[in-house]
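For reference, the chains in residue letters:
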Amino acid sequence: MNENYSDKKLVALTFDDGPNLDTTPKVLDILEEYGVVATFFLIGKFINEDTKAVMARQLELGCEISNHSWNHNFMNEYTAREIQDEITKTNDKIIETVGVTPRFFRPPYISLSDTMYESIDLPFICGINCLDWDNTVSAERRTQLVLDNIKDGDIVLLHDLSGNKNTVDALGDIISGLLDDGYTLVTVSQLFELKGVDPNVKYKLWSNTGD
Ligand SMILES: [Zn+2]
């Protein structure tokens, strides 16, 4: 990225709960069609020989891979040891599978504790949401919730969880709406870098780089 991004509107689309073999490839097809990137927060236990190819494709398309824990439980009651196991196991699996080191953590269900902040040496990422874990929220509504609430520096919280058809159906409209509004889509790492913001702040949950 050699262009000057200081006066550009930036947004980072993010997807939680993959990798899988139904929704994740469809999300990647759409990202590829529009030539844009996103960040995927992976559940460690879903990484295997089958999903490895999906992860390799994520990287080929310029997307970022980060950490969404191993088991995807509420971690706010976990001990420091249990928390560290979730993070380390997932990071190690990602490194072993595709050779990249996750730089960010998204807490499952955005459940938080001081012990989590003290035990996890990665920035915590949330984001604006469009209720896209709720099957009763239509694709149109998801699109509207993103486009009505978006602002420069935002992280958008979406899910490529298995069977999440409405988000697949919404994604093209979300991306074209953002592009029409003049946004450049970047990864979470690029977002912080281009905004000149250091994400390594303890006890902080980021949804926008200007938070
Ligand atoms: Zn999740």
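That block above? That's the structure.
Now for a look at the structure at hand.

The rules behind these values
- Residues numbered from 1 in each chain as written.
- Predicted model: local features only at pLDDT ≥ 70, side-chain atom pairs only at ≥ 80, totals over all residues.
- Heavy atoms only, no water.
- Helix = DSSP H or I, 4+ residues; strand = E, 2+ residues; numbered from the N terminus.
- Contact = heavy atoms within 4.5 Å.
- Disulfide = S-S within 2.5 Å.
- Buried < 20%, exposed > 50% of the residue type's maximum accessible area, 1.4 Å probe, protein only.
- Donors = N, O, S within 2.8 Å, 3.2 Å for Na, K, Ca; no water.
- Pairing = 2+ DSSP bridges.
- Axes fitted to C-alpha atoms, helices over the stretch in contact; angles between N-to-C directions.
- Parallel < 35°, antiparallel > 145°, perpendicular 65-115°, else oblique.
- Left-handed = near helix turned anticlockwise from the far one by under 90°.
- Expected span 1.5 Å × (residues − 1).
- Arc of directions from axis to C-beta.
- Polar contact = N/O pair within 3.5 Å; in protein donor to acceptor, adjacent residues only side chain to side chain.
- Core = buried A, V, L, I, M, F, W, Y, C linked by side-chain atoms within 4.5 Å.

## Brief notes about the environment of Phe-124
The residue Phe-124 is located in strand β4 (residues 124–125) in this model. With 80 residues separating them along the chain, Phe-124 and Lys-204 place their C-alpha atoms 6.6 Å apart. Once residues within four sequence positions are removed from consideration, Phe-124 is found in contact with Phe-105, Pro-107, Leu-112, Met-116, Tyr-117, Lys-204, Leu-205 and Trp-206.

## Quick notes on the state of the cysteines
Counted by the stated rule, this structure contains 0 disulfides. Lacking any disulfide linkage, Cys-126 is separated from the closest cysteine sulfur, that of Cys-130, by 12 Å. Exposure remark for Cys-126: the relative accessible area of 12% places this residue in the buried category.

## So, the coordination of the zinc ion
Note on the zinc ion: its protein donors are Asp-17 (OD), His-68 (NE2) and His-72 (NE2). The metal-donor distances range over 2.0 to 2.1 Å. In the primary structure, the donors to the zinc ion are separated according to the pattern D-x50-H-x3-H. Within this pair, whereas Asp-17 is found in the loop between β1 (9–16) and α1 (23–34), its partner His-68 is found in the loop between β3 (64–67) and α3 (80–98), the two being separated by 51 residues in sequence.

## Side note on the pairing of strand β6 (residues 154–159)
Judged by how many residues are buried, β6 sits mostly within the fold: 6 of 6 residues are covered. Burial of β6 is two-sided: the residues Asp-154, Val-156 and Leu-158 facing one way and the residues Ile-155, Leu-157 and His-159 facing the other way are all buried. The sheet contact formed by β1 and β6 spans 6 bridges and is parallel. Each residue of the ladder has a partner; that of Leu-13, found in β6, is Val-156. Relative to β6, strand β5 (residues 128–129) is paired through 2 bridges, and the arrangement is parallel. Looking across to β6, one finds that Asn-129 is bridged to Leu-157.

## A closer look at the packing of α1 against helix α6 (residues 165–180)
Packing of α1 against α6 leaves a shortest axis separation of 10 Å and a crossing angle of 25°. Relative to α6, the element α1 is oriented roughly parallel. As for how α1 packs across α6, the hand of that crossing is right-handed. In this structure, α1 contributes Thr-23, Lys-26, Val-27, Ile-30, Leu-31 and Tyr-34 to the contact, and α6 contributes Val-168, Leu-171, Gly-172, Ile-175, Ser-176 and Leu-179.

## As for α3
Taking 1.5 Å per residue, 19 residues should reach 27 Å; α3 reaches 27 Å between its end C-alpha atoms and fits that length. Along α3, the residues classified as buried are Ile-83, Glu-86, Ile-87, Thr-90, Asn-91, Ile-94 and Thr-97. Down the axis of α3, the sector holding all buried residues measures 140°, keeping them to one side. The outward face of α3, more than 90 degrees from its buried face, is lined by the exposed residues Arg-81 and Glu-96. The inward-facing, buried residues of α3 abut β2 (39–42), α2 (52–60), β3 and α4 (114–119). Directly after α3, the chain includes Gly-99, whose backbone phi takes a positive value near 80°.

## Thoughts on the side chain of His-159
Here His-159 is to be found in strand β6. Overall, the relative accessible area of 9% leaves His-159 in the buried class. A distance of 2.6 Å separates polar atoms of two side chains, one belonging to His-159 and the other to Asp-132. Residues in contact with His-159, not counting those within four places in the same chain, are Phe-15, Asp-16, Asp-17, Asp-132, Trp-133, Asn-164 and Thr-167.

## Focus: the side chain of Asn-208
Among the structural elements, Asn-208 can be located in the segment after β8 (205–206). Here Asn-208 falls in the buried class, since its relative accessible area comes to 7%. At 2.9 Å, the side chain of Asn-208 and the backbone oxygen of Asp-152 are in polar contact. Once residues lying within four places of it in the same chain are set aside, the contact partners of Asn-208 are Lys-151, Asp-152, Gly-153 and Asp-154.

## Remarks on the nonpolar core
Ranked by size, the top nonpolar core spans 34 residues in total, and within it Leu-13, Leu-31 and Phe-40 carry the most contacts. Sorting the residues of this core by element identifies β1, α1, β2, α2, α5 (139–149), β6, α6 and β7 (183–185) as the ones contributing at least two each. When residues in this core are grouped by element, the largest group, 6 residues, is from α6. Look past the residues within four positions of Phe-40 in its chain and what remains in contact with it is Phe-15, Thr-24, Val-27, Leu-28, Leu-31, Gln-58, Cys-63, Glu-64, Ile-65, Ser-66 and Asp-160.

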